[in-house]
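Tertiary structure, described
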Amino acid sequence: MTDLLSGLNPPQREAVVHGDGPLLVLAGAGSGKTRVLTHRVAHLISERSVPPSAILAITFTNKAAGEMRDRLEQLLGGLARAVWAGTFHSTCARILRTHAERVGYSRNFTILDQDDQTRLVRSCLNEAGYDPKAHPPRAVLSAISDAKNRLQSPEQVAAETGSFEDEVVAAIYQRYADRLRASEAVDFDDLLMLAVTLLENDDEVRAGYQGMLQHVLVDEYQDTNHAQYRLVRVLGEPQRNVFVVGDDDQGIYSWRGADVRNILDFERDYPESATIALEQNYRSTGNILAAANAVVENNHDRHPKRLWTDRGDGDPITVLACRDEHEEARAVASEAERRVSEGDSLDGLAVFYRTNAQSRVIEDQLVRRGLPYQVIGGPRFYERAEIRDLMAWLRSAVNPADELSLARLIGAPRRGLGPACLERLRGVAAQSGVPIADVLLMPEHHVGLNTRQRDGLAATGRGLAEIAEANRNGTPLDQIIELALEVSGLTTALAKETGIEAEGRLENLQEVARVSLETGERPDAESPLAGFLEDVALESDGDKVRDGVGQVTLMTIHNAKGLEYPAVMLTGLEEGLFPHSRSETIEALQEERRLCYVGLTRARERLVLSHAESRALHGGRDFRLPSRFLGEIPAECLDAPRPRRSAPRAVTAPPAVTAAPDFTTGDAVVHATFGDGIVTAVEQGGDLVRVRFRQDGAERRLMAGAAPMRKTGE
DNA sequence: ATTCAACGCTTTTTT
DNA sequence: AGCGTTGAAT
């Protein structure tokens, strides 16, 4: 394959043909890292005769893995199919299913999602006699998750408690882990932790994988956590052909345990490693890059680098000052309409925001104007209550030990069965040593229950048995799901309800059977249903981005990682929203800034930044100041300020700080965020002022029209 | 024992 | 605005 290297620049080429040993590729945004990864794999196979099955490529989403496989197939043909490409979680799930018995699990273990996890933590808190109000389940869960990411067992956590809260966490962690075990269930963090534990402690299993794998490649390395790091390390031995690609400026998951130091420390951990930096950007115009560079340069603790392009400046960036979120939404819709009228596809337009809640008003406007769109993330299809009900039946049929699913399906559909019934079942099961699913089928044990409840339980047991039998005898997946819908009584119950909502929910349920046929083959799954359940559990929002369908794409910036669009609108650039008010520490603020950097660098040609002066939030309405990130963008990258107002400003103007547009050098000013300062220079004909602030002594360039700043009287 | 309606509270990002 | 809890009705 001679063309494997053509079209690559020298550092890209160097990375692709790198010999043995570890390599760190510091790949700036838009520098062609996906291409480098793919071509590296192709190079290994076609030029270095590495067997495809000896290569493991870990990507951030399943979609990225699929795209890599497609691309490899174009380069190499069917040979490429044997490359093992997946996400960290799917890779670990596959390892664990293969060796389940070695970690003391059934091969049919259930993978819990966040909602299941929170419920279970809540239940553990209640069981242990702690008040969920004093110890928010989400916070406790997050602490447990942190511990698992550090690969700490409940015992280890218990040994290191330093406060009462730590002790609560340790106690709940222990209880939570026990409940998971009893239910043959694992959470997302267990997938990583159990796989690492297995590989590190089981010589035979480890030897198997280490003997099979010659090369490990990891994308988005900056967002790996400690457990993921350990997985890569153990799988990379003994050859240490570990090829990691990342960008410390794009680390946006530290709150999830990702450790940017993994990338900064790579050279220390692999002293023999080489480093290659990719700084030429092939994606964005000069103005967009200049803005992104300028913003991220306000961060410390980064590998110094500066993206460059030979594409020219391109159009200036547009900043829209909107009155409120509705006007911002109208601006989004107008941008979409403008695109259509200019003959461009809506596929090329993406709208980003910091929080999922922001999508609603934007959706309203797009619907109103008949503009097609897709929302990535937010409440997911599989997280709807009725779908979760159905999934509980399916999961229980595959994994009879799954008590969480059992608890859910007992009450769905509503038929006079509730928590009390479940408690009784658990009691009987514990006494007799019979699995709960079997107790369901034995009405003689249903003492103390009324006829209706007894009948209900027996019917539930029969239904589950029927689904399980269908799964066992190879009934097609969609028919199993249809069967589950029927024997569970879910459709019957919904059909009785009136109203448009029930209709929608009924349609959603039917949709599951239809969608189930679209999932790919899973040769490692025990049954198509088991494979489907795992797909659903490990599916990420990013996997659902569809392109080529003529729709505007709406998503959080977190979901935008790794994507690019000709036109990007970054909305809600307001203090308190972006950067988010919960990001108070320096570290958190720097991560917000990296997030901003990620958002800006998704744009190829057109970039629109918007902020609203007031925004409705949790019921009330707040006045909002423009984000400091806007102030960090050099004015020469920006369009002339273009306030977007559909009503006279006086009517709705915030009573807060009002900008005085005519600053002169030497003026004493006060800024909403930075406090007191002195104007040191006026640039761009008065649009931009330089101000040195007393608070930190730093000089900042601010937009005179947009900055939340006014002159102070002497 | 279950279900439903009203109330009050908390609000980031996600594999 | 959405969720979990609480209290009353069935």
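Just so you know, the residues in each chain are numbered from 1, in the order the chain's sequence is written. Each chain is given a letter, starting from A, and each ligand a number, starting from 1, according to the order in which they appear as written. It should be noted that, the model being predicted, local features are given only for residues of pLDDT at least 70 and side-chain atom pairs only at 80 or more, the latter also being counted only at that level, while totals for whole chains, interfaces and linings use all residues. Hydrogens and waters are ignored; side-chain quantities use all the structure's heavy atoms.

Considerations on the overall build of chain A
Stated formally: Only DSSP runs of H or I reaching four residues or more are called helices, and only runs of E reaching two or more are called strands; each is numbered from the N terminus. Contacts between residues were defined by any pair of non-hydrogen atoms, one from each residue, lying within 4.5 Å. Using the Shrake-Rupley algorithm and a 1.4 Å probe, accessible areas are obtained, with residue cover drawn only from the displayed protein chains.
Assigned secondary structure in chain A consists of 29 helices and 20 strands. When contacts within chain A are restricted to residue pairs at least 6 apart in sequence, long-range pairs at least 24 apart make up 74% of them. As displayed, chain A offers around 30,600 Å² of accessible surface, 49% of which is attributable to carbon and sulfur atoms.

Some points on the packing of helix 2 (residues 33-46) against helix 3 (residues 62-76)
Applicable threshold: Here an axis means a line fitted to C-alpha atoms, over the contact stretch when the element is a helix, while the angle between two N-to-C directions is reported on a 0 to 180 degree scale. The labels follow the angle: roughly parallel below 35 degrees, roughly antiparallel above 145, roughly perpendicular from 65 to 115, and oblique for the rest. Here a crossing is called left-handed whenever its near helix is offset anticlockwise from the far helix by less than a right angle, and right-handed whenever the offset is clockwise. Gly is placed with the polar residues, together with every amino acid not listed as nonpolar (Ala, Val, Leu, Ile, Met, Phe, Trp, Tyr, Cys and Pro) or charged (Asp, Glu, Lys and Arg).
With their axes 10 Å apart at the nearest point, helix 2 and helix 3 run at an angle of 45° to one another. Between helix 2 and helix 3, the crossing angle belongs to the class labelled oblique. Relative to helix 3, the crossing made by helix 2 is right-handed. Contacts from L37, T38, H39, V41, A42, I45 and S46 in helix 2 reach M68, R71, L72, L75 and L76 in helix 3. Split by residue class, the contact of helix 2 with helix 3 holds 8 nonpolar, 3 polar and 1 charged.

Re the packing of aromatic side chains
Selection criterion: Pairs were defined over the aromatic rings of Phe, Tyr and Trp, the Trp ring being its six-membered one, requiring ring centres within 6.5 Å. Orientation was assigned from the angle between planes: stacked under 30 degrees, edge-to-face over 60, tilted for the rest. A simple rule labels every residue: compare its accessible area, found with a 1.4 Å probe on the protein chains alone, to the largest value its type can have, and call it buried under 20%, exposed over 50%, or partly exposed in between.
As enumerated under the stated definition, the model contains 8 aromatic pairs in all. When the centroid spacing of 5.5 Å and the interplanar angle of 40° are considered together, the rings of F60 and Y253 count as tilted. Residue F60 is found in the loop between strand 2 (55-59) and helix 3, and its partner Y253 is found in the loop between strand 7 (242-246) and helix 12 (261-264); the two are separated by 193 residues along the sequence. For Y253, a relative accessible area of 7% corresponds to the buried category. Seen in terms of ring centroids, F266 and Y270 are 4.9 Å apart; in terms of plane orientation they differ by 35°. Their pairing is tilted. The exposure class assigned to F266 is buried, which follows from its relative accessible area of 1%. The buried category is assigned to Y270, whose relative accessible area is 3%.

Describing the nonpolar core
Our working rule: Among the buried residues, those of types Ala, Val, Leu, Ile, Met, Phe, Trp, Tyr and Cys that are joined through side-chain atoms within 4.5 Å form a nonpolar core.
In this structure, L191 and L235 are the most contacted members of the largest nonpolar core, which totals 65 residues. Among all residues touching L191, those that are not within four sequence positions of it are H89, C92, A93, L96, F109, I111, V186 and L538. Core analysis: the next-biggest nonpolar cluster, separate from the first, contains 45 residues, L422, I480, A513 and L533 among them.

Here's the deal with empty space enclosed by the protein
Empty pockets left among the atoms are what a rolling probe the size of a water molecule brings to light. Heads up, the condition is: As defined here, a cavity is a set of points on a 1 Å grid over the protein atoms alone where a 1.4 Å probe fits but cannot get out. A pocket is an open set with protein on both sides within 12 Å along at least five of seven lines, and residues line them when an atom is within 4 Å of a point. Grid points are joined across faces, edges and corners, and a volume is the space filled by probe spheres set on the points.
Across all of its chains, the model carries 4 cavities of 30 Å³ or more by this definition. The calculated volume of the second largest cavity comes to roughly 40 Å³. What lines the second largest cavity is simply R97, R107, N108, A525, E526, A530, G531 and E534. By residue number, the principal contributor to the lining of the second largest cavity is helix 25 (residues 528-538), which donates 3 residues. For the lining of the second largest cavity, a count of residues per class yields 2 nonpolar, 2 polar and 4 charged.

With respect to the packing of helix 22 (residues 477-487) against helix 25
Relative orientation of the contacting elements helix 22 and helix 25 amounts to 80°, with a least axis distance of 9 Å. The angle between helix 22 and helix 25 falls in the class roughly perpendicular. Between helix 22 and helix 25, the contacting residues are L477, I480 and I481 on the first element and P528, L529 and F532 on the second. Tallied by class, the residues present in the contact of helix 22 with helix 25 amount to 6 nonpolar, no polar and no charged.

A look at the sheet that holds strand 1 (residues 23-27)
As a reminder of what qualifies: By definition, two strands form a pair when at least two bridges between them are found by DSSP.
On the basis of which strands lie adjacent, the open sheet formed by 6 strands has the order 3-2-6-7-1-8 and parallel pairing. Each end of this open sheet is capped by a strand with a single partner; those strands are strand 3 (84-87) and strand 8 (274-278). Neighbouring strand axes in the sheet, compared pairwise and without regard to direction, differ in orientation by 15° on average. Pairing of strand 1 with strand 8 involves 5 bridges; the strand directions are parallel. Bridge assignment links L24 to a residue of strand 8, and that residue is T275.

Thoughts on the confidence of the model for chain A
Just so we agree on the cut-off: pLDDT expresses how confident the predictor is about each individual residue, on a scale running from 0 to 100.
Residues at a pLDDT of 70 or more form 89% of chain A, whose mean pLDDT is 85. This stretch, residues 645-660, has a pLDDT under 50; its non-local contacts, to residues over four places away or in other chains, come to 23 contacts.

Some details on helix 9 (residues 188-201)
Selection rule: Here the expected span of a helix is defined as 1.5 Å times the quantity of residues minus one.
Between its first and last C-alpha atoms helix 9 spans 20 Å; for 14 residues at 1.5 Å apiece the expected length is 20 Å, and the two agree. With 10 of 14 residues buried, helix 9 is to be regarded as a mostly interior element. Within helix 9, burial applies to D189, D190, L191, L192, M193, L194, A195, V196, L198 and L199.

As for helix 2
For helix 2, with 14 residues, the first-to-last C-alpha span of 20 Å sits near the 20 Å given by 1.5 Å per residue. All of the buried residues along helix 2 are K33, V36, L37, T38, H39, R40, V41, A42, H43, L44 and I45.

A few points about the pairing of strand 6 (residues 215-218)
Every other side chain in a regular strand lies on the same face of the sheet, so the side chains alternate between the two faces. We count it as follows: Seen with its strands pointing away from the viewer, a crossover is right-handed if its path from the first strand over the helix to the second goes clockwise.
Neither face of strand 6 is left uncovered, since the one carrying H215 and L217 and the one carrying V216 and V218 both have all their residues buried. In the sheet, strand 6 pairs with strand 7 via 3 bridges, with the strands oriented parallel. Paired with V216 across the two strands is V242, which belongs to strand 7. As for the winding sense of the linkage, the β-α-β connection from strand 6 through helix 11 (residues 226-236) to strand 7 is right-handed.

Observations concerning the environment of R102
Stated formally: Polar contacts here mean pairs of N or O atoms no more than 3.5 Å apart (in protein, one a potential hydrogen donor and the other a potential acceptor; neighbouring residues in sequence count only if both atoms are side-chain atoms).
Along the chain, R102 falls in the loop between helix 4 (88-98) and strand 4 (110-111). Exposure remark for R102: the relative accessible area of 37% places this residue in the partly exposed category. If near-sequence neighbours (up to four positions away) are discounted, R102 is found in contact with L198, D202, E204 and V205. Looking at R102, its side chain comes within polar contact range of the side chain of E204, at 3.4 Å.

Examining unusual backbone geometry
One can expect most non-glycine residues to show negative phi and most peptide bonds to be in trans. Across the junction of E237 and P238, the peptide omega takes the value 0°, indicating a cis bond. For P238, the location among the structural elements is in the loop between helix 11 and strand 7. Cis peptide bonds are those with omega within 30 degrees of zero, and the linkage from F578 to P579 qualifies with 5°. Locating P579 in the fold gives a position in the loop between strand 13 (565-570) and helix 27 (586-600). Not every positive phi belongs to a glycine, and L151 is a case in point at roughly 65°. Checked against the element boundaries, L151 lands in the loop between helix 6 (137-149) and helix 7 (154-159). Although it is not a glycine, R240 adopts a positive phi angle of roughly 60°. Relative to the elements of secondary structure, R240 occurs in the loop between helix 11 and strand 7. Looking at R240, the relative accessible area reads 22%, which means it is partly exposed.

Considering the environment of T98
Inspection of the secondary structure puts T98 in helix 4. For T98, a relative accessible area of 45% puts it in the partly exposed group. Between the C-alpha atom of T98 and that of R323, which follows or precedes it by 225 residues, the distance is 57 Å.

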